[in-house]
Amino acid sequence: MTALEPPLTAPRSLVEAYRLLAAELWRPIAGGTDLMVQLTGELGEPPQRLLDLWRIDELRGIVHDGEAIVIGALTTYTELRRSPVVAEFLPALTEAAATIGAAQIQNRGTVGGNVANASPAGDTLPIWLATDAAIILGSARGERAVPAAEFWPAYRRTARADDELVLGVRVPLAADRQVRFRKVGTRRAQAISKVVIAIAWRAPDDGRGATWTDVRVALGSVAATPIRASATEAALDGAVPDAATADRAMAALMAEIHPIDDVRSTADYRRTVAGRVLHRLVRDEGGW
Ligand SMILES: Cc1cc2nc3c(=O)[nH]c(=O)nc-3n(C[C@H](O)[C@H](O)[C@H](O)COP(=O)(O)OP(=O)(O)OC[C@H]3O[C@@H](n4cnc5c(N)ncnc54)[C@H](O)[C@@H]3O)c2cc1C
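The structure displayed is predicted, hence computed values, not measured ones.

Section: the sheet that holds strand β12 (residues 227-228)
Part 1: The four strands are arranged β9-β10-β11-β12 in an open sheet whose pairing can be described as antiparallel. In this open sheet, the two edge strands, each paired with only one partner strand, are β9 (177-184) and β12.

Quick look at the environment of Val 115
Part 1: For Val 115, the position within the fold is in helix α6 (residues 111-117).
Part 2: Classification of Val 115 by relative accessible area gives buried; the value is 0%.
Part 3: When the C-alpha positions of Val 115 and Leu 165 are compared, they lie 11 Å apart, and in sequence the two are 50 residues distant.

A look at the packing of helix α10 (residues 243-256) against helix α11 (residues 267-286)
Part 1: Where α10 meets α11, the axes come as close as 8 Å, and the angle between the chain directions of the two elements is 155 degrees. Taken as axis vectors, α10 and α11 run roughly antiparallel relative to one another. Considering only the axes of α10 and α11, their crossing is right-handed. In contact with Ala 246, Asp 247, Ala 249, Met 250, Leu 253 and Met 254 of α10, α11 contributes Arg 271, Thr 272, Ala 274, Gly 275, Arg 276, Leu 278, His 279 and Val 282.
Part 2: In the contact of α10 with α11, the residues fall into eight nonpolar, three polar and three charged.

Digging into the site of the ligand
Part 1: Surrounding the ligand, one finds 32 residues, the nearest of these being Pro 28, Thr 33, Asp 34, Tyr 77 and Thr 110.
Part 2: At a separation of 2.8 Å, an oxygen atom of the ligand approaches a polar backbone atom of Gly 32.
Part 3: Between Leu 35 and the ligand, the recorded distance is 2.7 Å, taken from a backbone N or O atom to an oxygen atom.
Part 4: The protein chains hide 89% of the 980 Å² of surface that the ligand would expose on its own.
Part 5: Those elements giving two or more residues to the shell around the ligand turn out to be β2 (27-29), α6 and β8 (165-172).
Part 6: Broken down by element, the residue count for the shell around the ligand peaks at five residues, all from α6.
Part 7: Classifying every residue of the shell around the ligand gives 14 nonpolar, 13 polar and five charged.

Some points on α11
Part 1: For α11, which comprises 20 residues, the first-to-last C-alpha distance of 29 Å matches the rise-based estimate of 28 Å (1.5 Å per residue) to within 8%.
Part 2: Looking at α11, one finds that the buried residues are Ala 267, Arg 270, Val 273, Ala 274, Gly 275, Val 277, Leu 278, His 279, Leu 281, Val 282, Glu 285 and Gly 286.
Part 3: In this structure, the buried residues of α11 make contact with β9, β10 (195-202), β11 (213-220), α9 (230-236) and α10.
Part 4: Following α11 by one or two positions, Gly 287 has its phi on the positive side, about 70 degrees.

Focus on the sheet that holds strand β3 (residues 50-52)
Part 1: A sheet is described by the order of its strands in space; here three strands give the open sequence β1-β3-β2, paired in parallel fashion. Here the strands that pair on one side only, and so sit at the sheet edges, are β1 (8-9) and β2.
Part 2: As paired strands, β2 and β3 are joined by three bridges and run parallel to one another. If you follow Arg 27 over to β3, its bridge partner there is Leu 50.

Quick word on the domain arrangement of the chain
Part 1: What the domain assignment reports for the chain is domain 1 (8-52), domain 2 (57-172) and domain 3 (177-286).
Part 2: Placing the centre of domain 1 and that of domain 2 at their C-alpha centroids yields a distance of 18 Å.
Part 3: With 14 residues of domain 1 at the interface, the matching set in domain 2 holds 17 residues.
Part 4: Across the domain 1/domain 2 interface, buried area totals approximately 1300 Å², and carbon plus sulfur atoms make up 62% of it.
Part 5: At the boundary of domain 1 with domain 2, the tally comes to zero salt bridges.

Focus on helix α1 (residues 14-23)
Part 1: For α1, the full list of buried residues reads Leu 14, Ala 17, Tyr 18, Leu 20 and Leu 21. Summarising the axial view, the buried residues of α1 lie within an arc of 165 degrees, below the 170-degree limit, and thus occupy one face. Of the residues in α1, the exposed ones pointing more than 90 degrees away from the buried face are Val 15, Arg 19, Ala 22 and Ala 23.
Part 2: Packing partners of the buried residues in α1 comprise β1, β3, β6 (134-139) and β8.

The rules we used
Residues numbered from 1 in each chain as written. Predicted model: local features only at pLDDT ≥ 70, side-chain atom pairs only at ≥ 80, totals over all residues. Heavy atoms only, no water. Pairing = 2+ DSSP bridges. Helix = DSSP H or I, 4+ residues; strand = E, 2+ residues; numbered from the N terminus. Buried < 20%, exposed > 50% of the residue type's maximum accessible area, 1.4 Å probe, protein only. Axes fitted to C-alpha atoms, helices over the stretch in contact; angles between N-to-C directions. Parallel < 35°, antiparallel > 145°, perpendicular 65-115°, else oblique. Left-handed = near helix turned anticlockwise from the far one by under 90°. Contact = heavy atoms within 4.5 Å. Nonpolar A, V, L, I, M, F, W, Y, C, P; charged D, E, K, R; others polar. Near = heavy atom within 4 Å. Polar contact = N/O pair within 3.5 Å; in protein donor to acceptor, adjacent residues only side chain to side chain. Areas by Shrake-Rupley, 256 points an atom, 1.4 Å probe, with all protein chains shown as cover. Expected span 1.5 Å × (residues − 1). Domains from an automatic or database assignment. Buried area = accessible area lost by both parts, 1.4 Å probe. Salt bridge = Lys/Arg side-chain N within 4 Å of Asp/Glu carboxyl O. Arc of directions from axis to C-beta.

Okay, here's the thing in structure tokens:
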């Protein structure tokens, strides 16, 4: 057996998966689009044994329960794009799913994998932060919901314990809430984000230009973890989306984030583009 062929088992139920995870350390694998590139060991310690989740149907499905939409961990980006529930209640997620990888990745990559992989460039993560979503975890010890704001405490770390699985994401619905998603990469497909932003706010549904409240601004690829930009939120909260607000929010965001230089981009580019994208978004919403 080589490092490229770690032992794999494929339980058919959560109970069976929980039993295995309680007894030994297993590395879950869903679509494998992140994990397969780690099997060579070039990117850190390769997994010793794999727990294939693909046959656990309890991890599938997108449900609207009146107060929230709950997205199963094994939901693929293709399923998100095709979901009428997501299109109706969280169209920004439909849009985000369309920007991830290309068709092959969208058919195989999952929401649970994006969440558990904890890349600061994971494109759905700012959406979960902006919508006050909770990550649902389960194990033989029971289930718990961790607010997205607490789920990624440090670079590539999560609140998940070794014996837990990500069961899904619960996105609470809020009256009059708007959510927007913007991603900047080298090209329109197969591009890891240089900057990704999700923004949410509440405003009466009476046309453009109304006062924004409960503003959330979340970003990826500008810090070691996906982040909320609280000073920028304060600059937008209680304001109307006019030119002065856009200028203020852009300045606040550019002062608040401290991205790094890396192979994909420079810190300066990321800071400037994040500010400009937010400015443009406010302008579009203000209709000026
Ligand atoms: C060519 C290419 C393009 C890509 N483009 C993008 C992009 O544009 N945007 C983007 O955000 N990502 C992108 N990715 C990364 C990847 O496709 C996504 O992060 C995807 O959502 C991972 O899901 P998966 O099911 O394949 O995860 P896997 O690779 O199966 O797993 C990823 C990690 O999550 C863990 N895990 C998976 N499911 C669970 C679970 N239910 N419970 C606990 N742990 C779990 C695994 O142990 C592993 O650590 C790209 C990858 C490739 C190869």
